[in-house]
Every structure is written in C-alpha cells, then in structure tokens.
Amino acid sequence: MVGASAIPIPTPLSLSLSLSLSTPIPRIFSPRRISNPTLSLCQTHYFSLLVTFPLHFSPHNYKHSRRQTHFSPNASSSSSVVGAAYTEEPATAVKFQRSLSLPGCSGSLSLLGTGYREKIFAIIGVKVYAAGLYVNPSILSELNAWKGQSTTKIQEIPSLFNSIFQSPLEKSLQIVLVRDVDGKTFWDAIDDAISPRIKAPTSIDESALSTFRSIFQGRPLKKGTFIFLTWLEPSKMLVCVSLDGLPSNVEAKIESGSVTLALFDVFFGNGPVSPSLKDSVAKGLTTILK
C-alpha cells in the first residue's frame, strides 16, 4: 500500500478494511513505505476503513501489458499518465496498467477510473489501498443513452452504474494494498460492508460468502498485493490474489447475484467507500460518452 507520512497514531489501531471494501512486494508495483510501526494493518481499526470511511483509489503497474487503442480514457483528471501503458494515481503513486488480461476473461479489459481509500486519524489521512475499475470496452456501446451527460450528472444516475453491473460483459475491480493487512481483518471489512446490503440471505448467498471468506482467513496480505474482483456476469464473480504482478489463476468463483451486487454497490452505489474512485470513473465515462 502506498503510505502517507509517518505520524504517531494512538494504538491499538484496528485497521479494519471496511470494504463498504477500508514493506514493498514486487518493488515495481509498490507504494512508498510508511516508517511508523504503529500503523501496522494487523489492527482491526484500519480495515473498518472500507465501509465506514470514504477512501479513494489509484492505478498500479503490471507485467504482461496488452494495449488496446480503441478505449483509453485517462482514468481521471487527478491521475497522471505514465508512458502509454500506465496511469498513476498521485495520492498513492500506485500505477495501473491501462489495458490488461485476467484469468477467466474473454479478452483484455481497459482502465476506466482509479481512486484511493484512506482512514482519518486525528485529522491525518492514512492511505489503505488503491483501486482501479476495468471494463470490457464493448460495455461502453451499451451506454449511449447517457451520451453528453456531465460528470456530476453521471454520478447521480444510479441506472448508468446498474447498466454497467447488469451487462453480461466482464468488469474487474483491482485493489492494490498499500499497507500490510491481516487476511481476517480484510475479510471482516468486506463482510461488514456487504452483509447489510443483503437483507435476507439465502443458502446460496451463505455458501458464496463462506467461499469468499475462505480466501482471506488466516492469510497475511502484504503491501503490494493485488486483489482482483472480476464480475463475469451479474451473478458470477472471480477472485484472484497475487503477490507478484498479474495473477495467473483464479482463487475462487462466487456465484450469488446478491453477494456480487452488494460488493459492486459498496464501490459504485450511493455513499461509496471511495468517492474518488466513483468520481474518476464518472469522469472517464464523461470523456468517452461525449
């Protein structure tokens, strides 16, 4: 995860990644190191971040780049382009590949927007993770009804984001940790964010949540870890985790429309956990849908 400046923060800190979803690993992809030992993400306070506090996201580096010339928005006005292949989110310095291929996807996906998530301690913001939304470029042809809309208007139109989610084409959220995080803490934050959005979970929902949980329980997640949540279609989502660049395999498949929708809503519904990510995606859509 990309760090903020080292500032003493009272312990114990429970870094609880409230996904409602809030050291270097591959050095090429990792953000600046935070020197303050009190900011260890094994503390459940941080990971509540994802849901309880608005976080913001950013881009990250990738090997195995595949370019796509027909769709290449600059992610967000706050992002900076690093060469032709990457976009950097300035708040975290995480670089996101502008086009990539993921396990289980039929083709390459293109970066639509980036942001970061941070937790506020004593008026000081501490970054937790960066994230970027990738989509199959063909999804954009389904959004012609929103052509010419302003960024503000796009953010206020739930039906546009619902259309992106309901499309049978792939979209993927990449999360790049900018701090070390305990897997259980990460999962608890996700669970705290999505469970309230599932009003009456069925046995299918419970099974999907159990599968999801098993990926992270008892697993340390180091700074620089990539987590991909890839919606193949509304009721099917793949989870990939990698400590060394793009993932080569799928860790689990989540098959529950309620769970997959709840997770999408955490980031792109009302009151998103990362306002900067949703804002960046809206700006990307504004540019594309002129």
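Refer to the structure printed above.
Residues numbered from 1 in each chain as written. Predicted model: local features only at pLDDT ≥ 70, side-chain atom pairs only at ≥ 80, totals over all residues. Heavy atoms only, no water.

Undergrad: Got a minute to help me understand the overall build of the chain in this structure?
TA: For the chain, the helix and strand inventory stands at 7 helices and 13 strands. Residues classed as buried in the chain amount to 57% of the 290 residues present. Accessible surface for the chain amounts to roughly 11100 Å². Of this, 52% is attributable to carbon and sulfur atoms. (Helix = DSSP H or I, 4+ residues; strand = E, 2+ residues; numbered from the N terminus. Buried < 20%, exposed > 50% of the residue type's maximum accessible area, 1.4 Å probe, protein only. Areas by Shrake-Rupley, 256 points an atom, 1.4 Å probe, with all protein chains shown as cover.)

Undergrad: I tried to follow the pattern of salt bridges on my own but got confused; where do I start?
TA: For side chains of opposite charge, pairing can occur when their charged atoms come near one another. Scanning all chains against the criterion turns up 5 salt bridges. Asp-279 is paired through a salt bridge with Lys-283; the nearest N and O atoms lie 3.0 Å apart. Linking Asp-279 with Lys-283, this pair stays in helix α7 (residues 275–288), spanning 4 residues, or about one helical turn. Overall, Asp-279 belongs to the partly exposed group, its relative accessible area being 23%. (Salt bridge = Lys/Arg side-chain N within 4 Å of Asp/Glu carboxyl O.)

Undergrad: Where do I start with the state of the cysteines in this structure?
TA: A disulfide bridge is the covalent bond that connects two cysteines by way of their sulfur atoms. On inspection of all chains with the given rule, the structure shows 0 disulfides. Looking at Cys-105, it has no disulfide partner, and the nearest cysteine sulfur is the one in Cys-240, 8.1 Å off. With relative accessibility at 16%, the residue Cys-105 sits in the buried group. Residue Cys-240 is classed as buried on the basis of its relative accessible area, which comes to 2%. (Disulfide = S-S within 2.5 Å.)

Undergrad: Whenever I open this one, the environment of Gly-183 confuses me. Can you help?
TA: Here Gly-183 is to be found in helix α4 (residues 183–194). Sequence separation between Gly-183 and Arg-219 is 36 residues; the distance between their C-alpha atoms is 4.7 Å. Leave out the neighbours within four places in its chain, and Gly-183 touches Phe-216, Arg-219, Pro-220 and Leu-221. (Contact = heavy atoms within 4.5 Å.)

Undergrad: Mind showing me how you'd approach α4 here?
TA: Along an α-helix, residues three or four apart share an orientation, since each turn contains 3.6 residues. Given a rise of 1.5 Å per residue, 12 residues ought to cover 16 Å, and the 17 Å separating the end C-alpha atoms of α4 matches this to within 8%. Every buried residue belonging to α4 is among Gly-183, Thr-185, Phe-186, Trp-187, Ala-189, Ile-190, Ala-193 and Ile-194, and all of these are buried. For α4, the capping residue at the N-terminal end is Asp-182, with a side-chain oxygen 3.1 Å from the backbone nitrogen of Lys-184. (Expected span 1.5 Å × (residues − 1). Polar contact = N/O pair within 3.5 Å; in protein donor to acceptor, adjacent residues only side chain to side chain.)

Undergrad: Teacher, can you tell me more about helix α6 (residues 257–268) here?
TA: Between its terminal C-alpha atoms α6 stretches 16 Å, which fits the 16 Å expected from 12 residues at 1.5 Å a residue. Residues of α6 that are buried include every one of Val-259, Thr-260, Ala-262, Leu-263, Phe-264, Val-266, Phe-267 and Phe-268, and no others.

Undergrad: Looking at this structure, how should I read the environment of Asn-144?
TA: Positionally, Asn-144 belongs in the loop between β7 (124–135) and α2 (151–155). Each C-alpha atom of the pair Asn-144 and Lys-290 lies 9.6 Å from the other, and the pair is 146 residues apart in sequence. Within the structure, the side chain of Asn-144 is placed 3.3 Å from the backbone oxygen of Ser-141, a separation counted as a polar contact.

Undergrad: What should I look at first to understand the packing of α4 against helix α5 (residues 203–216) in this one?
TA: Taken N-terminus to C-terminus, the directions of α4 and α5 make an angle of 150 degrees; their axes are 8 Å apart at the nearest point. By the angle class used here, α4 and α5 are roughly antiparallel. The residues of α5 that touch α4, namely those facing Gly-183, Lys-184, Phe-186, Trp-187, Ile-190 and Ile-194, are Leu-209, Phe-212, Arg-213 and Phe-216. A per-class count over the contact of α4 with α5 returns 7 nonpolar, 1 polar and 2 charged. (Axes fitted to C-alpha atoms, helices over the stretch in contact; angles between N-to-C directions. Parallel < 35°, antiparallel > 145°, perpendicular 65-115°, else oblique. Nonpolar A, V, L, I, M, F, W, Y, C, P; charged D, E, K, R; others polar.)

Undergrad: Honestly, the side chain of Gln-97 in this entry has me stumped. Any pointers?
TA: Counting through the fold element by element, Gln-97 comes out in strand β4 (residues 94–97). Within polar-contact distance, the side chain of Gln-97 engages the backbone oxygen of Ser-99 at 2.5 Å.

Undergrad: Please clarify how the nonpolar core should be interpreted in this entry.
TA: The tendency in soluble globular proteins is for nonpolar side chains to be buried side by side. Grouped together as the largest cluster of nonpolar side chains are 53 residues, with contacts concentrated most on Ile-175, Phe-212, Phe-216, Phe-267 and Leu-285. What Phe-216 contacts, discounting residues up to four positions off in sequence, is Gly-183, Lys-184, Phe-186, Trp-187, Ile-190, Leu-221, Ile-227, Val-239 and Val-241. With 15 residues, the next largest nonpolar core counts Leu-100, Ala-130, Val-178 and Phe-228 among its residues. (Core = buried A, V, L, I, M, F, W, Y, C linked by side-chain atoms within 4.5 Å.)

Undergrad: I'm lost on the packing of aromatic side chains in this one. Help?
TA: Any two aromatic rings considered together are summarised by their centre-to-centre distance and by the angle between their planes. If you walk through the whole model with that rule in mind, you get 9 aromatic pairs. Between Phe-212 and Phe-216, the aromatic rings sit 6.1 Å apart at their centres with planes inclined by 45 degrees, giving tilted as the arrangement. With a gap of 4 residues between them, Phe-212 and Phe-216 both fall in helix α5, about one helical turn apart. We classify Phe-212 as buried; its relative accessible area is 0%. An aromatic cluster is present here, built from Phe-161, Phe-165, Trp-231, Phe-264, Phe-267 and Phe-268 joined pairwise through their rings. Residue placement shows Lys-278 over the ring face of Phe-161; its charged tip is 5.1 Å from the ring centre. (Phe/Tyr/Trp six-rings, centres within 6.5 Å; stacked < 30°, edge-to-face > 60°. Lys NZ or Arg CZ within 6 Å of the ring centre and 35° of its normal.)

Undergrad: Honestly, the environment of Asp-279 in this entry has me stumped. Any pointers?
TA: C-alpha of Asp-279 to C-alpha of Phe-268: the two residues are 11 residues apart in sequence and 9.4 Å apart in space. If we ignore the near neighbours within four places in the chain, the residues touching Asp-279 are Thr-151 and Gln-155.

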